[in-house]
Amino acid sequence: DVDAIGPGADFDGRGGAFKMAIREVKGRWYLYMGHLWHQGWSIVDVTDPANPKYLRFIAWPNANTWTIQMELHDNIMLTALQLAGFGMGDRNKPFDEGVVIWDISDPVNPQQLSHWKTGSTGTHRNGYPGGKYANLAANMPGYRGQILVFLDISDPKNPKEAGRWWLPGQKEGETATGPVGSL
């Protein structure tokens, strides 16, 4: 829970931090947090870890959507969107899904560059080590469970699927034949 970060820390009443990522910009350390119980992301200055300073919350408008994952590299942040889990989400109500790509060159004021959609229930546990490709654990139409989707974000305003990998039997109509995937 974010309350464990420091005594007296005030995060505008938002606990339940799920995934966190940190980066340094010009000698300041910024912690980005997704929340299990709140749709959106908090930004906290943790340059002085004994006295974290809550800076802002970026709200995501759909309450039926989980916003618990994010990944950072340089000036790019990817945030996962998916139907809320653990029985909290309702497939019969609107929800957002996919991945949102942000410019975080201003670490306190991220600017949304794009929103890539899966056409299903969203992404979870994405990876972006920098460079041209992001790796997404994505629910995609025509597949059971999450498959690995490679997203070309070399133009972050226009991301494009570059490939995918799944286990035999995950694609609808396939029979599981062994541990061989397909791109």
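Residues numbered from 1 in each chain as written. Predicted model: local features only at pLDDT ≥ 70, side-chain atom pairs only at ≥ 80, totals over all residues. Heavy atoms only, no water.

Asker: Describe the sheet that holds strand S2 (residues 28-35), listing the residues and the values that go with them.
Answerer: Here four strands make up an open sheet; going across it, the order is S1-S2-S3-S4 and the pairing antiparallel. Both edges of this open sheet fall to strand S1 (17-25) and strand S4 (53-59), since each of them pairs with a single strand only. On average, each strand axis in the sheet is tilted by 20° relative to the strand beside it, whichever way the strands run. Pairing geometry for S2 and strand S3 (residues 40-45), over five bridges, is antiparallel. For Tyr30, the partnering residue across the bridge sits in S3 and is Asp45. (Pairing = 2+ DSSP bridges. Helix = DSSP H or I, 4+ residues; strand = E, 2+ residues; numbered from the N terminus. Axes fitted to C-alpha atoms, helices over the stretch in contact; angles between N-to-C directions.)

Asker: Outline the pattern of salt bridges, supporting the account with residue identities and numerical values.
Answerer: Overall, the coordinates contain four salt bridges when judged by the stated rule. The partner of Asp45 in a salt bridge is Arg28, with the nearest N and O atoms 2.8 Å apart. In this pair, Asp45 sits in strand S3 while Arg28 sits in strand S2, placing the two residues 17 residues apart along the sequence. (Salt bridge = Lys/Arg side-chain N within 4 Å of Asp/Glu carboxyl O.)

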